[in-house]
Amino acid sequence: MKKNQFVFVIVDQGIIQYLAVEEDAKKIKDQMAKHLRSYLDENGEYTVKEHATEDGYANLFEVLPTGNYDYVLSYPFDGEETVESALERLSKKLNL
């Protein structure tokens, strides 16, 4: 039996900078925490709340065995929300 998979992607300047696929929600959240913080620290400019890039973002999708998918989380790198806050939203949405 096929399982749902989570696909996490960081896109900046129109280029995929990081991509991860995982069946386990906790593991994908851990991947997101590590790579979002690392990417923004290395590539972003600090604003009032968080590092930001000109047009970067991260998305998390849940891909169903049928091939359909649902958006789980969208996180723009605009500096308006902290990484930690986005991860809290994710935890609530996935009941982690």
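Calculation rules
- Residues numbered from 1 in each chain as written.
- Predicted model: local features only at pLDDT ≥ 70, side-chain atom pairs only at ≥ 80, totals over all residues.
- Heavy atoms only, no water.
- Axes fitted to C-alpha atoms, helices over the stretch in contact; angles between N-to-C directions.
- Helix = DSSP H or I, 4+ residues; strand = E, 2+ residues; numbered from the N terminus.
- Parallel < 35°, antiparallel > 145°, perpendicular 65-115°, else oblique.
- Left-handed = near helix turned anticlockwise from the far one by under 90°.
- Contact = heavy atoms within 4.5 Å.
- Nonpolar A, V, L, I, M, F, W, Y, C, P; charged D, E, K, R; others polar.
- Polar contact = N/O pair within 3.5 Å; in protein donor to acceptor, adjacent residues only side chain to side chain.
- Pairing = 2+ DSSP bridges.
- Core = buried A, V, L, I, M, F, W, Y, C linked by side-chain atoms within 4.5 Å.
- Buried < 20%, exposed > 50% of the residue type's maximum accessible area, 1.4 Å probe, protein only.

Draft legend 1. Seen up close, the packing of helix α1 (residues 25–43) against helix α2 (residues 83–94). Where α1 contacts α2, the axes come no closer than 10 Å and their chain directions differ by 170°. Considering their axes alone, α1 and α2 lie roughly antiparallel with respect to each other. Every pair of crossing elements has a handedness; the one defined by α1 and α2 is right-handed. Judged by residue contacts, A25, K29, M32, A33, L36, R37 and L40 of α1 engage V83, E84, L87, L90, S91 and L94 from α2. Partitioned by chemical class, the residues of the contact of α1 with α2 number nine nonpolar, one polar and three charged.

Draft legend 2. View of the side chain of N59. Here N59 is to be found in strand β5 (residues 57–63). Of the polar contacts made by the side chain of N59, one reaches the side chain of S74; its length is 2.9 Å. The residues touching N59, leaving out its near neighbours within four places in the chain, are V7, F8, V9, Y71, L73, S74 and Y75.

Draft legend 3. Layout of the sheet that holds β5. Taking strand neighbours across the sheet as the criterion, the four strands line up as β2-β1-β5-β6 in an open arrangement whose pairing is antiparallel. Edge strands, defined here as strands with exactly one partner in the open sheet, are β2 (15–22) and β6 (69–76). Averaged over all adjacent pairs, the angle separating strand axes in this sheet is 15°, with direction ignored. Examined bridge by bridge, strand β1 (residues 5–12) and β2 share seven bridges and lie antiparallel to one another. The residue of β2 that forms the bridge with I10 is Y18. Lying over the sheet, α2 contacts β1, β5 and β6, oriented at roughly 160° with respect to β6.

Draft legend 4. Inspection of the pairing of β6 at higher detail. Two elements, β5 and β6, share seven bridges in a ladder whose sense is antiparallel. Across the sheet, the residue bridging to L60 is L73, located in β6.

Draft legend 5. Spotlight on the nonpolar core. One finds F8, M32, L36, L60, Y75 and F77 to be the most contacted residues of the largest nonpolar core, which totals 21 residues. Of all the secondary structure elements, the ones that give two or more residues to this core are β1, α1, β5, β6 and α2. Counting residues per element, this core draws most heavily on α1, which supplies six residues. Among residues more than four places away in sequence, those in contact with M32 are F8, R37, L60, L73, L87 and L90.

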